[in-house]
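Structural overview for review
Residue-level listing of the chains:
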Amino acid sequence: MYNISVMVSGAGSTLDSLAYHCYDETDGIMNGMVSITSVLADRDCGALKIAEKWGIPKFVLKKSDFDVCPRTPETFKYAWSESLFEMAGDVDLFVQAGFLSLLHVTPEREGKILNIHPSLLPKYGGKGYYGRHVHEAVKASGDNVSGCTVHVVDNEYDHGTIIAQETVDVNSLETVEHLEASVKWAERMLYPRAILNFLQKQYK
Ligand code: GRF
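So, here's what we can say about the structure. (Residues numbered from 1 in each chain as written. Predicted model: local features only at pLDDT ≥ 70, side-chain atom pairs only at ≥ 80, totals over all residues. Heavy atoms only, no water.)

1. Concerning the pairing of strand β6 (residues 145–152)
Across the eight residues of β6, seven count as buried, placing the element largely inside the fold. With four bridges joining them, strand β5 (residues 113–117) and β6 adopt antiparallel strand pairing. Each residue of the ladder has a partner; that of His117, found in β6, is Thr149. Direction of pairing for β6 relative to strand β7 (residues 162–169): antiparallel, over a ladder of seven bridges. Paired with Cys148 across the strands is Glu166, a residue of β7. (Buried < 20%, exposed > 50% of the residue type's maximum accessible area, 1.4 Å probe, protein only. Helix = DSSP H or I, 4+ residues; strand = E, 2+ residues; numbered from the N terminus. Pairing = 2+ DSSP bridges.)

The following block contains the structure:
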């Protein structure tokens, strides 16, 4: 059994889907193989209620409640990130699910954190490209294809090695809302498969 910790900042629909795929005995893609042992949040958010619903231990570390001495942007980011990671204890993988803070990823943690992004990276990634902003940009561009990307997290937004992608046909979707819903649907299937494949390759 692999143990993962899920990192959140938002409504928690991704966490809900991951928990379903861990614990549903009929349809769960990761059932019997992956367990979510903690949820880590950088703020109060709806995802904490989802953690409660599934009985998963949750931890919140707000930046506003944290300090380090001496305080520089670099020491703060490093100390805050490590303190958050340490709350999860010993896990095989950290999985971001709508987590909005940029972490400091030390060499020891490289390849141990995944994220899912609602576009075909490297397009529409980086600072400011989150939530509906991504889909608005895709629609405005006239691109025919969008989708979602699972990638390894490094020290830049939406930048690390891409491990899986799924495409969505933009032309058949009239509005930004339709595109967003369709990409979310694709994410629900892609992420659990990508997490399981990654864990099995990493720890074979
Ligand atoms: C996900 O759909 C994913 O694309 C992105 O953030 C969204 C989070 O939504 N990384 P939620 O908080 O899981 O509902």
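2. Looking at the pattern of salt bridges
By the definition in use, this model includes eleven salt bridges. Taking the shortest distance from any N to any O, the salt bridge between Glu177 and Arg132 comes out at 3.4 Å. Here Glu177 is found in helix α5 (residues 176–202), whereas its partner Arg132 is found in helix α4 (residues 132–141), with 45 residues between them in sequence. Here Arg132 and Glu180 are joined by a salt bridge, their closest N and O atoms 2.7 Å apart. (Salt bridge = Lys/Arg side-chain N within 4 Å of Asp/Glu carboxyl O.)

3. Some words on the side chain of Thr106
Here Thr106 lies in the loop between β4 (93–96) and β5. Residue Thr106 is classed as buried on the basis of its relative accessible area, which comes to 8%. Discounting residues that sit within four places of it in the chain, Thr106 has contacts with Tyr78 and Glu82. (Contact = heavy atoms within 4.5 Å.)

4. Observations regarding the sheet that holds β7
Strand order across the open sheet formed by seven strands is β3-β2-β1-β4-β5-β6-β7, with mixed pairing between neighbours. The strands lining the two open edges of the sheet, one partner per strand, are β3 (58–60) and β7. Strand after strand, the sheet turns through a mean of 20° between neighbouring axes, direction not considered. Packed onto the sheet, helix α3 (residues 73–87) meets β1 (2–8), β2 (34–41), β3, β4 and β5 and runs at close to 140° relative to β2. (Axes fitted to C-alpha atoms, helices over the stretch in contact; angles between N-to-C directions.)

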